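# Coordinate analysis (summary)
The lines below spell out each chain.
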Amino acid sequence: SILHIDAHADMKDEFENNKFSHACVMRRIYEINKNIVSVGVRSLDLEEKNFIGENHIPVFYMENIKNNWSEIIQLLNENVYITIDLDSLDSSIMPSVGNPEPDGFYWHQLLSFLRSYEWSSLQDYLGNNRFSGIINKSILIDYLGSPSELEKEIEEWLGEISLPNHTNLWIE
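Let me begin by describing the structure that accompanies this report. (Residues numbered from 1 in each chain as written. Predicted model: local features only at pLDDT ≥ 70, side-chain atom pairs only at ≥ 80, totals over all residues. Heavy atoms only, no water.)

### Brief notes about the environment of Val41
Spelled out, the test is: Put simply, DSSP marks the helices as runs of H or I at least four residues long and the strands as runs of E at least two long, and each gets a number from the N terminus on. By definition, residues are in contact when any of their heavy atoms lie within 4.5 Å.
With respect to the helices, strands and loops of the structure, Val41 is situated in strand S2 (residues 36–41). For the pair formed by Val41 and Ala9, sequence separation is 32 residues and the distance between their alpha carbons is 6.0 Å. Those residues within four positions of Val41 in sequence are excluded, and the remaining contacts are Asp6, Ala7, His8, Ala9, Val59, Phe60, Tyr61 and Met62.

Set out below in structure tokens:
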């Protein structure tokens, strides 16, 4: 499964004459792996809405998320690749992203969701074990300064899921 946590659907076929734009990334991944679950979406256009509907892609819009994660989690298979766009967080706590959207996740709400699933493995979208993790501390430090409460929270969460060697991790 691909757990796509983002303010945007990223399901456009093409954006500004570019099929590989940031606005198209999940559409390209869908061409390879159809097991996508999108969470926290607050912005999409009619093309994306129609594509999602025609292909029965599970999308959990932010306005419908009530901290009951079981419906989302039951759609994930044993091997989950997580992609977290920082714009999934509310623009009041993450204003410096490229395309901020209001009414997003608050930090503890997102952590609650991530902690509610037993992560058995972290794989890329092709199902290969190629990376050590999902969060790059240096990116967060660039965005948030050091030390930060968010860095402490990430360290705590990474320790909880027993992720080995989490000094060189990456957030998308």
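### A word on helix H2 (residues 46–54)
Basically, it comes down to this: The buried label goes to any residue with under 20% of its type's maximum accessible area, the exposed label to any with over 50%, and the partly exposed label to all in between, with areas taken from a 1.4 Å probe on protein chains only. Directions from the helix axis toward the C-beta atoms define the arc.
Buried within H2 we find Glu48, Phe51 and Ile52. Seen from one end, H2 has its buried residues packed into an arc of 100 degrees, which puts them on one side. In H2, the exposed positions that point more than 90 degrees away from the buried face belong to Leu46, Lys49 and Glu54. Residues of H2 that are buried in the fold lie against helix H1 (25–30) and strand S3 (59–61).

Take it as geometry only, folks, not as evidence of what the structure does.
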